[in-house]
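Structure assessment
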Amino acid sequence: MSCSRMEKKILGYVDGRLKESERLEVEKHLAACAACRLRVNEFRAVSGLLDELPMIEPSAAFDLRVHARVAAEPVKQSWWAWFPAPRVAIAAAMLVVATVWVGTRSKNNQQQIAQDDVTVLENYDVLSNFEPLTELPPPVQADDGGQQQSPQM
Amino acid sequence: MLDVKAGDEQSFTLLLHRYRSPLVNFLYRMVRNREQAEDLAQEVFLRVYRAREDYVPSAKFTTWLFRIATNLALNSVRDTRYQRMEISLDAPVTVDAEDGEEKTLDVAEKHPNIEQHLVEETRKKMIRHAIEKLPEKQRAAVLLHKYQELDYGEIAKILQCSESALKSLLFRAYETLRVELAPLVAQGK
């Protein structure tokens, strides 16, 4: 192993984080390289110095502040919340279906009436000048108390 | 975290108790200001809470947690970098108390062995300043490696780099610390 390759292994070696095979490889290099041995010792010393810094404790109000900030968060509603209760949803769905059905039906009726009207209009000229119709006897009125009315032309 | 995701508020409190101290210490060593560190730590927990419903356990929880914390710390350090350079030379002589407050020297009453106390304080101050002088990313790497004892893979994910790049980053950081702390390193030999 070269000194440059040691750069990526040295800290792991100091911390004892190397695999067994890597550790043996590093130790083999260290046995032959005084510069890397010195560096290992100095890195160990640095690591020991970093241990000297004491930990601090969060302030007593820390938890309270976190909980207060969490409590102040707006309540996030999922998109499911927009859906009504099942009973209301079923009623609403039935209402929609009924409305669509009624609407479709009345539309069909209107179309049928419109088609009948068109047929009458198309034949209007023929019907208005149809002479045989004028020659027909007046319509027979239903007998209502024996009185007979003459047809008004 | 999965319990928190399921809406268990008690589990959030457990997370808070478990991670508040490591987080506050990490952030304090990143930003060197206790109040700011606690504000940032609160922000981390708030973000965890906000993201609970979208949490997917694809990585370790600590990796996710410290990634949020590191990003917040790096942004904070960059934002305040120039403000922190404006240190008044006329300020009274102080020591950096580990409770995070700058206290004027009043050791005579509390510490009978003033000389020993001053030596210890000077030593800690040198160590703190050496860490503080590291570039932000190197500092974060050292803190996560040394104090949180995260493995290389986790730290690499937090810092969004390869493991190989992380090892180089840590090597450079320790080289800098070795030089900065040379007087103390020499004492330890």
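Residues numbered from 1 in each chain as written. Chains lettered and ligands numbered in written order. Predicted model: local features only at pLDDT ≥ 70, side-chain atom pairs only at ≥ 80, totals over all residues.

**Details of the overall build of chain A**
Helix and strand content of chain A: eight helices and zero strands. When the helices and strands of chain A are listed from N to C terminus, the series reads α-α-α-α-α-α-α-α. (Helix = DSSP H or I, 4+ residues; strand = E, 2+ residues; numbered from the N terminus.)

**Considering the overall build of chain B**
When its secondary structure is counted, chain B shows ten helices and two strands. Helices (α) and strands (β) of chain B occur, in sequence order from the N terminus, as α-α-α-α-β-β-α-α-α-α-α-α. Burial statistics for chain B: of 189 residues in total, 31% are counted as buried. Taking contacts inside chain B between residues at least 6 apart in sequence as the whole, the part at least 24 apart equals 60%. (Buried ≥ 20, exposed ≤ 12 C-beta atoms within 10 Å, placed from the backbone. Contact = placed C-beta atoms within 7 Å.)

**Quick look at the confidence of the model for chain A**
The share of residues in chain A with pLDDT of 70 or more is 78%, and the mean pLDDT across the chain is 80. Considering only residues more than four positions removed or in separate chains, one finds that residues 146–153 of chain A, a stretch of pLDDT under 50, has four contacts. (pLDDT = per-residue confidence, 0-100.)

**As for the interface of chain A and chain B**
Each side of the interface is counted separately: chain A has 27 residues, and chain B has 32 residues. Elements with a contribution of two residues or more to the side of chain A that touches chain B: α2 (10–15), α4 (34–51) and α5 (62–71) of chain A. Take the side of chain A that touches chain B: its biggest share by element is eight residues, from α4 of chain A. A breakdown of the residues in the side of chain A that touches chain B according to their chemical character gives 15 nonpolar, three polar and nine charged. (Nonpolar A, V, L, I, M, F, W, Y, C, P; charged D, E, K, R; others polar.)

**So, the nonpolar core**
Val46 of chain A together with Leu27, Val44, Ala69, Ala141 and Ile155 of chain B are the most contacted members of the largest nonpolar core, which has 57 residues in total. The greatest single-element share of this core, amounting to ten residues, is contributed by helix α2 (residues 9–31) of chain B. (Core = buried A, V, L, I, M, F, W, Y, C linked by C-beta atoms within 7 Å.)

**Description of helix α7 (residues 136–146) of chain B**
Counting buried positions along α7 of chain B yields eight of eleven residues, so the element is predominantly enclosed. Buried within α7 of chain B are the following residues: Gln138, Ala140, Ala141, Val142, Leu143, Leu144, His145 and Lys146 of chain B.

**Points about the packing of α5 of chain A against helix α3 (residues 34–50) of chain B**
Two quantities define a packed helix pair, namely the angle between the axes and the distance from one axis to the other. Remark: α5 of chain A packs on α3 of chain B, axes separated minimally by 10 Å, with the N-to-C direction vectors making an angle of 40°. Between α5 of chain A and α3 of chain B, the angle falls in the class oblique. When you trace α5 of chain A past α3 of chain B, the crossing you get is right-handed. When α5 of chain A is examined against α3 of chain B, the residues Phe62, Arg65, Val66, Arg69 and Val70 of chain A are found in contact with a partner set consisting of Glu38, Gln42, Phe45, Leu46 and Tyr49 of chain B. (Axes fitted to C-alpha atoms, helices over the stretch in contact; angles between N-to-C directions. Parallel < 35°, antiparallel > 145°, perpendicular 65-115°, else oblique. Left-handed = near helix turned anticlockwise from the far one by under 90°.)

**Points about the packing of α2 of chain B against α3 of chain B**
Residue and element names in this part refer to chain B. The contact between α2 and α3 brings their axes to 8 Å, and the two run at 140°. The angle between α2 and α3 falls in the class oblique. With respect to the hand of their crossing, α2 and α3 are arranged in right-handed fashion. The residues of α3 that touch α2, namely those facing Phe12, Leu16, Arg20, Leu23, Val24, Leu27, Tyr28 and Val31, are Arg34, Gln36, Ala37, Glu38, Leu40, Ala41, Val44, Phe45 and Tyr49. Residues of the contact of α2 with α3, tallied by class, amount to 13 nonpolar, one polar and three charged.

**Regarding the confidence of the model for chain B**
Residues and elements named next belong to chain B. In this model, chain B carries a mean pLDDT of 82, and residues with pLDDT of at least 70 account for 78%. Mean pLDDT values over the elements of chain B span from 44, in strand β2 (residues 102–104), up to 95, in helix α9 (residues 163–180). The low-confidence segment residues 87–105, where pLDDT is below 50, has 21 contacts with residues more than four positions distant or belonging to other chains.

**Looking at α4 of chain A**
Along its 18 residues, α4 of chain A runs 26 Å from first to last C-alpha, staying within 8% of the 26 Å computed at 1.5 Å per residue. Where α4 of chain A is concerned, the buried positions are Cys36, Arg39, Glu42, Phe43, Ala45, Val46, Leu49 and Leu50 of chain A. (Expected span 1.5 Å × (residues − 1).)

**Here we look at the environment of Phe26 of chain B**
Of note, Phe26 of chain B is situated in helix α2. For the pair Phe26 of chain B and Ala140 of chain B, spaced 114 residues apart in sequence, the C-alpha to C-alpha distance is 8.3 Å.

**Let's talk about unusual backbone geometry**
Residue and element names in this part refer to chain B. Positioned with a positive phi, Glu149 is a non-glycine residue whose angle comes to about 55°. Mapping Glu149 onto the fold places it in the loop between α7 and α8 (152–158). Even without glycine at this site, Gln160 takes up a positive phi of about 55°. Turning to its location among the elements, Gln160 is positioned in the loop between α8 and α9. On the neighbour-count criterion, Gln160 (11 C-beta atoms within 10 Å) is exposed.

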